[in-house]
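Chain and residue survey
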Amino acid sequence: MIDYKRITLGLSPVLLALLWQFRDEPLAVCTCISALAGLATWCLVPATTSAFKRVGLSGTDLSKPSQPVLAESMGVVAATVYLIATFLFIPAQFRNWWTTQDPQSAEHSSHVFPFDRLGEYLSALLSLQSMVFLGFADDVFDLRWRFKLLLPTIASIPILIVYYVGYGVTHVMVPVFMRPWLGTHIVDLGTLYYVYIGLMAVFCTNAINILAGINGVEVGQSIIIALSIIAKDIANVNSGNAEADYHHLFTLYLLLPFVAVSCALYYWNMYPARVFVGDTYCYFAGMTFAVCGILGHFSKTLLLLFLPQVFNFVYSAPQIFGLVPCPRHRLPKMAIESPLSRHLVARLQQEANLDHASASPSDSDSGSEIVVGALAHAGSDAQREESPGHASGAHRTLSTAMLSFAKGKSLKSTKAESIAAGSRSRSRSSSTRGSMSGGSMNSTAYMVPSRASLEGAKPLGLTIIRLYELIGIADVERDEQGSMVSVNNLTLLNLVLVRCDRLNESQLNNRILLIQVLNSVLAFIIRYRLSHLFYF
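For clarity, every value in this text was computed on a predicted model and none was experimentally measured.

1. Looking at the overall build of the protein chain
The helix and strand tally for the protein chain stands at 21 helices and nine strands. Expressed as a percentage of its 536 residues, the buried residues of the protein chain come to 48%. Of the contacts formed within the protein chain by residues at least 6 apart in sequence, a portion of 75% connects residues at least 24 apart. Put simply, the protein chain shows about 26600 Å² of open surface, and 62% of that area lies on carbon and sulfur atoms.

See the structure below:
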C-alpha cells in the first residue's frame, strides 16, 4: 500500500514553495492550491472513516463475497476540502488589482474592481455549498425523489440570478435545417432559457447519482468529464478574445481543485473500495458541472459530454416514471462460481446425454431443461445465500436448483438424489478446506444483472420493454405461455452486463469509464468538426 502520509509530507513544502514563487499568476496559484487540496483529501478520508462509522454513516458492500461494512458519505470530506481551497483562492484571482492599484488613488474605486467577476465566483461557490449541504442531508435522511428534484432547483437560484444580472443572453442560434421553417437564424427564448438552464442543473446533479452503484463509477465518470472540460479550456484559453478567455479561466479555477480532490477520493473508492462516496459527492459533482456549463457558457458542449448519462436516464425512464416496477436498489448483483459447481453442471449434462438415446424426445428435452434451469437459477439464487463468501453456499445453491428443476422431469429421482448427495459431500469437504485455507480461493465472483418483476407494469411500460427487447437492450424472462415475467433493471450498468457476460466489478467499472472516454472523443468531434454542418 502506498505510504500516502510520507508522500504528503514530502510534497507539501514543494507545493508551498511553488505557490510563493508563482504567487502573481492566478492559474499557477490555483494549480498549487488544487494539488494541496488533493493531498489533504488523500489523508483526511482514511483518518475520518472511523468517525463516520461511529455515528452510523456506514453501509455494506453487497458486491463483495465478504460484504464488508464501509464508511459512507465520504464525499462530504472531498467537498469540504474543495470549498476551503476555492475560498483560499479568492484573493489570488484579484492579486493584480491589489498590487497595482494605489488605495489612495482616484482609480482605486468600486468602478475599477471587477465586482461582476467576484459575484459570479461567489454565486458559484454558494450554489456548490448549498448542494453539498443538501446532498449530505440526503445521505442522512434518505430523502424522497421529489425532494431530489426540488433541491437542485433551489441551489441553482444564485447562479441564475447572477447570469440574469451580469449576462442575460437568452437567444439561441437555430440549426441550419430549421431556418427555412422559422425564417430566422436566431430565436430569443426569454424566460424559457432560464427554465432550460435550471433543468440542466437538476439533470446534472441527478445524472451522476443515477449512474452509480459499483466501486469507483461515480467518481471515475466525474473525473473523465472534468478532464475533458479542462482539455477544452486549455486548448482555447489564448483565443485573443478577452471575454472568452475569462470564461475559460473561470471554469479552470473551479475544475482544477475538483479534479484534485476527486482523484484523491477515487483512490479510496476504486475497486476494492475502502469507503463509499454517498449522494453528497454525486450532487456536488453534478452541480460543479452545471455551474461551469451555465456561467462558462458551454451548456451544449456539456450535454454532449453527458451523453452516457442522458442515455442512462432515457433508458431508465420506464422505471423512474413508474411504468415498470422499480425496486429500491437497482445495482448489479454478485454471483459466485466454484470449480465444483462447474463439475456438477458438466456431470448432469453428461447424465442427460447418456439417456438421450433411450429416452423419448420429450424426456430428452426435459433433461436439457434441467441443465439450463440449473444454470439459470443457480446464479440468481447464489446472490441470496446467507454466507456468499463460502464455496459451500454456492454448491448447495446449485444442487438445490438442480433438484428443484429435476422434480417432475424425466430423469429418475434416484439419479438426481445421488447427484445431490455427491454435491453435499463435496460441499462439506470443500467448506472444510476453505475454512482451513481462509476461504474458497478457487471460487470466481462476477456480476450479474439485477432484475425487476413485470407484475403490475403499465401497458405502456410493457410496450417499451418489448421495444427494448427487439433492439437488443433488454433481457426479458418469459414463462411457459410466453408472457413477460421479469426484465433486467433498466440502468447502463445492468445493460453492459447483459451485453458483456461474466464481468467482475472492476471490469464493469472499467467498461463504463471506457464508454465515458469514447463519448468525450465523440463530443469533441461533434463540437469542433461537425458543428459547421448545423451552425455557420
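On we go from here.
2. Re helix 1 (residues 4-21)
If you check helix 1, its first and last C-alpha atoms are 25 Å apart, about what 18 residues at 1.5 Å a residue would give, namely 26 Å. At L11, helix 1 shows its maximal bend, which comes to roughly 25 degrees, and the proline P13 appears one to four places after that position. Taken residue by residue, helix 1 has Y4, T8, S12 and L15 as its buried positions. Of the surrounding elements, those touching the buried residues of helix 1 are helix 2 (26-54) and helix 11 (242-269).

3. Notes on the confidence of the model for the protein chain
The pLDDT averaged across the protein chain works out to 81; a share of 77% of its residues lies at or above 70. This stretch, residues 360-441, has a pLDDT under 50; its non-local contacts, to residues over four places away or in other chains, come to 85 contacts.

4. Structural notes on the environment of A17
Inspection of the secondary structure assignment puts A17 in helix 1. Between the C-alpha atoms of A17 and C32, which are 15 residues apart in sequence, the distance is 9.4 Å.

5. Thoughts on the nonpolar core
Generally speaking, nonpolar side chains in soluble globular proteins are found buried as a group. Core analysis: the largest hydrophobic core is formed by 92 residues, its most contacted members being L254, F258, F289 and F306. The leading source of residues in this core is helix 11, at 14 residues. When near neighbours in sequence (up to four residues on either side) are disregarded, F306 contacts F203, C204, A207, I208, I225, F289 and N519. Counting 23 residues, the second largest nonpolar core, distinct from the first, contains I214, V217, V324 and L454.

6. Brief notes about the environment of C326
Secondary-structure assignment places C326 in the loop between helix 14 (307-320) and strand 5 (333-337). When its relative accessible area of 42% is taken as the criterion, C326 is described as partly exposed. For the pair formed by C326 and S316, sequence separation is 10 residues and the distance between their alpha carbons is 9.5 Å.

7. Structural notes on a nonpolar patch on the surface
Together, F147, L150, I154, I157, I161, Y164 and V165 make up a nonpolar patch on the protein surface, roughly 710 Å² of accessible area in all. For the nonpolar patch, the elements supplying multiple residues, two or more each, are helix 6 (145-155) and helix 7 (157-166). Per-element accounting of the nonpolar patch gives the leading share, four residues, to helix 7. On the accessibility criterion, V165 (66% relative accessible area) is exposed.

8. Digging into the sheet that holds strand 9 (residues 484-488)
Across the sheet, which stays open at both edges, the three strands sit in the order 7-9-8 with antiparallel pairing between neighbours. Because the sheet does not close on itself, it has two edges, and the strands there are strand 7 (451-453) and strand 8 (476-478). Within this sheet the neighbouring strands show an average axis-to-axis angle of 25 degrees, counted without direction. The pairing of strand 7 with strand 9 spans three bridges and is classified as antiparallel. Looking at strand 9, one finds that S453 is bridged to S486. The strands touched by helix 19 (residues 459-470) within the sheet are strand 8 and strand 9, with strand 9 carrying the most contacts at an inclination of about 65 degrees.

9. Thoughts on the pattern of salt bridges
Within this structure, the stated rule accounts for eight salt bridges. Measuring nitrogen to oxygen at the nearest pair gives 2.8 Å for the salt bridge that ties R328 to D142. Taken together, the residues span a long stretch of sequence, with R328 in the loop between helix 14 and strand 5 and D142 in the loop between helix 5 (115-141) and helix 6 at a distance of 186 residues. Overall, the relative accessible area of 57% leaves R328 in the exposed class.

10. Considerations on the packing of aromatic side chains
Enumeration according to the criterion identifies 25 aromatic pairs in this entry. A centroid spacing of 5.7 Å and a plane angle of 55 degrees characterise the contact between Y193 and Y196, whose relative ring orientation is tilted. With Y193 and Y196 both in helix 9 (residues 191-210) and three residues apart, the pair spans about one turn of that helix. With a relative accessible area of 27%, Y196 lands in the partly exposed category. Relative to Y315, the ring of F311 lies with its centre 5.6 Å away and its plane at 10 degrees, an arrangement referred to as stacked. With F311 and Y315 both in helix 14 and four residues apart, this pair spans about one turn of that helix. Assessed through its relative accessible area of 36%, F311 is described here as partly exposed. For Y315, a relative accessible area of 1% translates into the label buried. The residue whose ring lies beneath R117 is Y246, and the NZ or CZ to ring-centre distance is 4.1 Å.

11. Considerations on unusual backbone geometry
Here the residue pair Y271 and P272 is connected by a cis peptide bond, since its omega of -10 degrees sits within 30 degrees of zero. Mapping P272 onto the fold places it in the loop between helix 11 and helix 12 (278-295). Its identity is not glycine, yet D142 carries a phi of approximately 55 degrees, on the positive side. Taking relative accessible area as the criterion, D142 reaches 44% and is therefore assigned partly exposed.

12. Here we look at the pairing of strand 9
Across the five residues that make up strand 9, a large majority, four, are buried. Examined bridge by bridge, strand 8 and strand 9 share three bridges and lie antiparallel to one another. Residue pairing across strands places E477 opposite S486, the latter belonging to strand 9. In this structure, the hairpin formed by strand 8 and strand 9 is closed by a connection of five residues, where G482 is found at a positive phi of approximately 90 degrees.

13. Some words on the packing of helix 5 against helix 6
Relative orientation of the contacting elements helix 5 and helix 6 amounts to 160 degrees, with a least axis distance of 9 Å. The angle between the axes of helix 5 and helix 6 places the two elements in the roughly antiparallel class. Of the two elements, helix 5 crosses helix 6, and the hand of that crossing is right-handed. Residues S127, S130, M131, L134 and D138 of helix 5 pack against K148, L151, P152 and A155 of helix 6. Each residue belonging to the contact of helix 5 with helix 6 can be placed in one class, and the counts come to five nonpolar, two polar and two charged.

Definitions and cut-offs
Residues numbered from 1 in each chain as written. Predicted model: local features only at pLDDT ≥ 70, side-chain atom pairs only at ≥ 80, totals over all residues. Heavy atoms only, no water. Helix = DSSP H or I, 4+ residues; strand = E, 2+ residues; numbered from the N terminus. Buried < 20%, exposed > 50% of the residue type's maximum accessible area, 1.4 Å probe, protein only. Contact = heavy atoms within 4.5 Å. Areas by Shrake-Rupley, 256 points an atom, 1.4 Å probe, with all protein chains shown as cover. Expected span 1.5 Å × (residues − 1). Bend = angle between axes of the 7 residues up to and from the residue. pLDDT = per-residue confidence, 0-100. Core = buried A, V, L, I, M, F, W, Y, C linked by side-chain atoms within 4.5 Å. Patch = residues over 30% accessible without salt bridge, like charges linked within 9 Å, V, L, I, M, F, W, Y side chains within 5 Å. Salt bridge = Lys/Arg side-chain N within 4 Å of Asp/Glu carboxyl O. Pairing = 2+ DSSP bridges. Axes fitted to C-alpha atoms, helices over the stretch in contact; angles between N-to-C directions. Phe/Tyr/Trp six-rings, centres within 6.5 Å; stacked < 30°, edge-to-face > 60°. Lys NZ or Arg CZ within 6 Å of the ring centre and 35° of its normal. Parallel < 35°, antiparallel > 145°, perpendicular 65-115°, else oblique. Left-handed = near helix turned anticlockwise from the far one by under 90°. Nonpolar A, V, L, I, M, F, W, Y, C, P; charged D, E, K, R; others polar.

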